[in-house]
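A closer look at the structure
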Amino acid sequence: MNILITPVVRTPDNIDLETHQATRDWSDRTALAITRGLRFLADTFFAKRYGNRAIVLETVAAVPGLVGAALVHLRCLRWMRDDAGWIRTLMEEAENERMHLMAFIEIARPNWLERALVLVAQAAFFTFFLLLYVFSARTAHRLVGYFEEQAVISYTQYLAEIDAGRVDNVPAPRIAMEYWRLPLGARLREVIVAVRADEAGHRDVNHGFADTLRPAERLRQQRIG
Ligand SMILES: [Fe+2]
Ligand SMILES: [Fe+2]
């Protein structure tokens, strides 16, 4: 962990919507298989209820950054090493995901089943992700990278529903206006475009972290540095 990764600042206009990281080894394939399994479950459970889907999935999305930051922090203490900016980047990701949740909770209302799902999902996902990160931080970051690829796709589909008139393009909540500094009169569409840009940023950062942790990359870094 000796490369400083500077997060790319994504604006809604310069994001790459199509990026897909090809799998290169068992770690990537495991991450992709888990992502596809969870995508299938989410599609089955939520179908086109994108607002409710966003609320439940954002409660999960805010977990990895916190877990990663805590474990990197502890590792840096144990080995008395610098974190190369990873902790702050991961904590910013966690906070950003929590702000997505705060924005969508103003737009959709979860039912009792979804609220129960959030409780179970947090317990299960936190435990799973913690163990995964301890076992293979590289797989954990790749998993988040693939999750975020799916998040970009889901928010693009959400936008298509608005554009087709099947979802009301309601006024943007105040919290979203302030957080993303949206112009006066901004609506749900602008909020989703901003959220999607954040997800694309997390996607690229986490794939970058996973690349850094690949044994071949690490060896190359050690030779260079
Ligand atoms: Fe998010
Ligand atoms: Fe995300």
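Figured I'd write up the structure that's included with this text.

**Side note on the coordination of the iron ion (ligand 1)**
Each protein donor to the iron ion (ligand 1) is listed here as Glu58 (OE), Glu58 (OE), Glu97 (OE), His100 (ND1) and Glu199 (OE); together their distances run 2.0 to 2.4 Å. Sequence positions of the donors to the iron ion (ligand 1) reduce to the motif E-x38-E-x2-H-x98-E. Between the iron ion (ligand 1) and the iron ion (ligand 2), the interatomic distance is 3.4 Å, and Glu97 donates to each metal, bridging them. With Glu58 in helix H2 (residues 50-61) and Glu199 in helix H8 (residues 188-212), this pair connects stretches of sequence that are 141 residues apart.

**What to know about the coordination of the iron ion (ligand 2)**
Protein coordination at the iron ion (ligand 2): the donors are Glu97 (OE), Glu148 (OE), Glu148 (OE) and Glu199 (OE), at 1.9 to 2.4 Å from the metal. The coordination sphere of the iron ion (ligand 2) comprises four donor atoms, whose angles at the metal cover 57 to 140 degrees; the geometry is irregular. Written as a sequence motif, the donor residues of the iron ion (ligand 2) are E-x50-E-x50-E.

**Some words on the pattern of salt bridges**
Evaluation of the coordinates by the stated rule reveals 14 salt bridges. Here Arg214 and Asp25 are joined by a salt bridge, their closest N and O atoms 3.7 Å apart. Remark: Asp25 occurs in the segment before helix H1 (26-46) and Arg214 occurs in the loop between H8 and helix H9 (215-224); sequence separation between them is 189 residues. Relative accessible area serves as the criterion here: at 13%, Asp25 is assigned to the buried category. Between Arg142 and Asp211 there is a salt bridge; the shortest N-O distance is 2.7 Å.

**Focus on the packing of aromatic side chains**
This model, assessed by the stated rule, comprises 10 aromatic pairs. Considering the side-chain rings of Phe125 and Phe128, the 6.2 Å spacing of their centres and the 45 degrees angle between planes classify their relative orientation as tilted. Of the two residues, Phe125 and Phe128 both sit in helix H5 (residues 112-135), three residues apart, roughly one turn of that helix. Since its relative accessible area comes to 8%, Phe125 is described here as buried. On the basis of relative accessibility, which here comes to 34%, the residue Phe128 falls in the partly exposed class. The rings of Phe125, Phe128, Phe129, Tyr133 and Phe147 are connected pair by pair, giving a single aromatic cluster.

**Describing the nonpolar core**
Within soluble globular proteins, side chains that are nonpolar generally end up buried alongside one another. Counting residues in each nonpolar core, the largest one holds 25 residues, and the members touching the most others are Val67, Val72, Trp86, Leu90, Phe129 and Tyr133. Listed by contribution, the elements that provide at least two residues to this core are H1, helix H3 (63-79), helix H4 (86-104), H5, helix H6 (137-163) and H8. The dominant element in this core, judged by the number of residues it contributes, is H3, at six residues. Not counting residues up to four positions away in its chain, the partners in contact with Leu90 are Gly65, Leu66, Gly68, Ala69, Val72, Tyr133, His141 and Phe209.

**Some details on H5**
A rise of 1.5 Å per residue sets the reference length of H5, with its 24 residues, at 34 Å; its end C-alpha atoms lie 34 Å apart and thus fit the reference within 8%. Among all positions of H5, only Glu114, Val118, Ala121, Phe125, Phe129, Leu132 and Tyr133 are buried. Close packing links the buried residues of H5 with H1, H2, H3, H4 and H6. Here H5 starts with a cap whose side-chain oxygen sits 3.1 Å from the backbone nitrogen of Leu113, and that cap is Asn111.

**Structural notes on the environment of Arg24**
Inspection of the secondary structure assignment puts Arg24 in the segment before H1. Overall, Arg24 belongs to the partly exposed group, its relative accessible area being 40%. Looking at Arg24, its side chain comes within polar contact range of the side chain of Asp211, at 2.6 Å.

Definitions and limits used
Residues numbered from 1 in each chain as written. Chains lettered and ligands numbered in written order. Predicted model: local features only at pLDDT ≥ 70, side-chain atom pairs only at ≥ 80, totals over all residues. Heavy atoms only, no water. Donors = N, O, S within 2.8 Å, 3.2 Å for Na, K, Ca; no water. Helix = DSSP H or I, 4+ residues; strand = E, 2+ residues; numbered from the N terminus. Tetrahedral: all angles 85-135°; square planar, octahedral: opposite > 155°, others 65-115°. Salt bridge = Lys/Arg side-chain N within 4 Å of Asp/Glu carboxyl O. Buried < 20%, exposed > 50% of the residue type's maximum accessible area, 1.4 Å probe, protein only. Phe/Tyr/Trp six-rings, centres within 6.5 Å; stacked < 30°, edge-to-face > 60°. Core = buried A, V, L, I, M, F, W, Y, C linked by side-chain atoms within 4.5 Å. Contact = heavy atoms within 4.5 Å. Expected span 1.5 Å × (residues − 1). Polar contact = N/O pair within 3.5 Å; in protein donor to acceptor, adjacent residues only side chain to side chain.

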